[in-house]
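The residues making up each chain are set out below.
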Amino acid sequence: MRYRVGPRPGVGRRARRFVGTVAAPRPTYPPTITGPSLDELLDLRAPQRSEGFRFDVLDRDLQVIGRIYPDLDSVPRVANQTSRTMMRTVEGFRVSADQFADVDTFADRIKPYYLLEGTAYALGVFLWADASRLRRSYGVDLEGTLVDQSVILDQTAVNTVHYPEGSMVRDAIVDVVTNLGFSSAGVGASPWTVGHPCTWPGGQRTWLAILRDLSFLGGYLPCYFDRDGLFRDDPSRDPASREPVSLYRADASGRIVAGSIVESDDLLDAPNRYVVISTGGGTAGSVTGTYDIPGSAPHSIPRRGFIIPRVIEAQGVGNVDQATVLARLAWEQDVNAFAWADFSGPLDPRHDTWDTVDYLGDLWREVEWEMELVAGGLMRHGLRRVYEED
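### Here's the deal with the packing of aromatic side chains
Phase 1: Summed over the entire model, instances satisfying the criterion amount to 10 aromatic pairs.
Phase 2: Plain terms: the ring middles of Tyr 114 and Tyr 121 are 6.2 Å apart, the flat faces sit at 55 degrees to each other, and that makes the pair tilted.
Phase 3: Since its relative accessible area comes to 0%, Tyr 114 is described here as buried.
Phase 4: Taken together, a centroid distance of 5.7 Å and an interplanar angle of 75 degrees make the contact between Phe 225 and Phe 231 edge-to-face. No difference in accessibility class separates Phe 225 from Phe 231, as the two residues are buried.
Phase 5: Feature note: the residues Tyr 248, Phe 343, Tyr 359 and Trp 364 constitute an aromatic cluster, connected by ring pairs.
Phase 6: Taking the ring centre of Tyr 113 as reference, the NZ or CZ of Arg 54 above it sits at 4.2 Å.
Phase 7: For the cation-ring pair, Arg 384 lies above Trp 340, with the distance from its terminal atom to the ring centre recorded as 3.7 Å.

### Description of the sheet that holds strand 16 (residues 273–278)
Phase 1: The mixed open sheet is built from three strands, whose spatial order is 17-16-18. Among the strands making up the open sheet, the edge pair consists of strand 17 (288–292) and strand 18 (309–314). Taken over all neighbouring pairs, the strand axes of this sheet differ in orientation by 15 degrees on average, direction set aside.
Phase 2: Pairing analysis gives six bridges linking strand 16 to strand 18, with the strands arranged parallel. Directly across from Arg 273, in strand 18, lies its bridge partner Pro 309.
Phase 3: Running at roughly 40 degrees to strand 17, helix 7 (residues 320–332) makes contact with strand 16, strand 17 and strand 18 of the sheet.

### Considering helix 7
Phase 1: The first and last C-alpha atoms of helix 7 sit 19 Å apart over 13 residues, in line with the 18 Å expected at 1.5 Å per residue.
Phase 2: For helix 7, the full list of buried residues reads Gln 322, Ala 323, Leu 326, Ala 327, Leu 329, Ala 330, Trp 331 and Glu 332.
Phase 3: Packed against the buried residues of helix 7 are helix 5 (207–217), strand 16, strand 17, strand 18 and strand 21 (362–372).
Phase 4: With a side-chain oxygen positioned 3.2 Å from the backbone nitrogen of Asp 321, the residue opening helix 7 is Asn 319.

What counts, and where the lines are drawn
- Residues numbered from 1 in each chain as written.
- Predicted model: local features only at pLDDT ≥ 70, side-chain atom pairs only at ≥ 80, totals over all residues.
- Heavy atoms only, no water.
- Phe/Tyr/Trp six-rings, centres within 6.5 Å; stacked < 30°, edge-to-face > 60°.
- Buried < 20%, exposed > 50% of the residue type's maximum accessible area, 1.4 Å probe, protein only.
- Lys NZ or Arg CZ within 6 Å of the ring centre and 35° of its normal.
- Pairing = 2+ DSSP bridges.
- Helix = DSSP H or I, 4+ residues; strand = E, 2+ residues; numbered from the N terminus.
- Axes fitted to C-alpha atoms, helices over the stretch in contact; angles between N-to-C directions.
- Contact = heavy atoms within 4.5 Å.
- Expected span 1.5 Å × (residues − 1).
- Polar contact = N/O pair within 3.5 Å; in protein donor to acceptor, adjacent residues only side chain to side chain.

Structure, rendered in structure tokens:
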């Protein structure tokens, strides 16, 4: 076994302190929780909490083969940004010289965990994207960036991909995912079929692009890999109807770092009408669906007085009803909405992908977050405002 499995004293154990809130990790796990619940600890409704991190090393079958201890002086960070092709990344991951020989940057996967009072929250499964070797007098340090398993899907489809009219969109997604060696257990249900033949010529698109085309056609949010490394394709739901994953208030709870809030508006370009047009052949090319954002939004057509459209072309749309549903979906998943908010707070591993957050009493869609992988670190959140239907 190339990796140590037990604790490695003195490395990866540095702790920072949230004054009055976070204590350094205890040396043994799991302790017995006799006080506040995990949610109360994460919501800072307890006088202190014990937190830390663990970094497992996995093989290509996602089986644990050991543990690695990054140099936390560089403070690695995990980010989840829904606007990127590969949503989850790890930046600033440095491995010290005494572990350099153990690392196989081609085959190994890294799975970080946030530890709270002995409970482990996975933060994703990552592959090495680049690795710089830093030669020192004492040996070679390794520092690099890691990305999630979307990199495996983000490879060019060499052969033509085709699904005939009448195919269930979910079946098409399952077909692609399983042929690429991933489980389809995370693919939700969809009532939609391929309205007319869909074809992606070989050598022109990646598998990930094809999957996201199919996701949109089936009424799903863009596909992604979740905290446990499972491929997910979730049916779209109105963000305003979802239970918020977390609440943030401008009070003495300490959930928002003072001075970290930045709010802004997209005054020029925020769309207030979404239009989906089928790109299929024959009469299918005339299929168009339109969705106008709720009138309660400050940039709606009634309030603004003119239309700012966003037009999406999609193959396989069979009728106006489907096109209209997809136009609404385009609004729900648009990361460039009118009102933006960014702020920092304590570490909170409950956040995953496409979550809804209660921020200062209103519902917002979380489009990105970034977490420092060190005890007592900070977590930055990027939100977009959502509006309820009229």
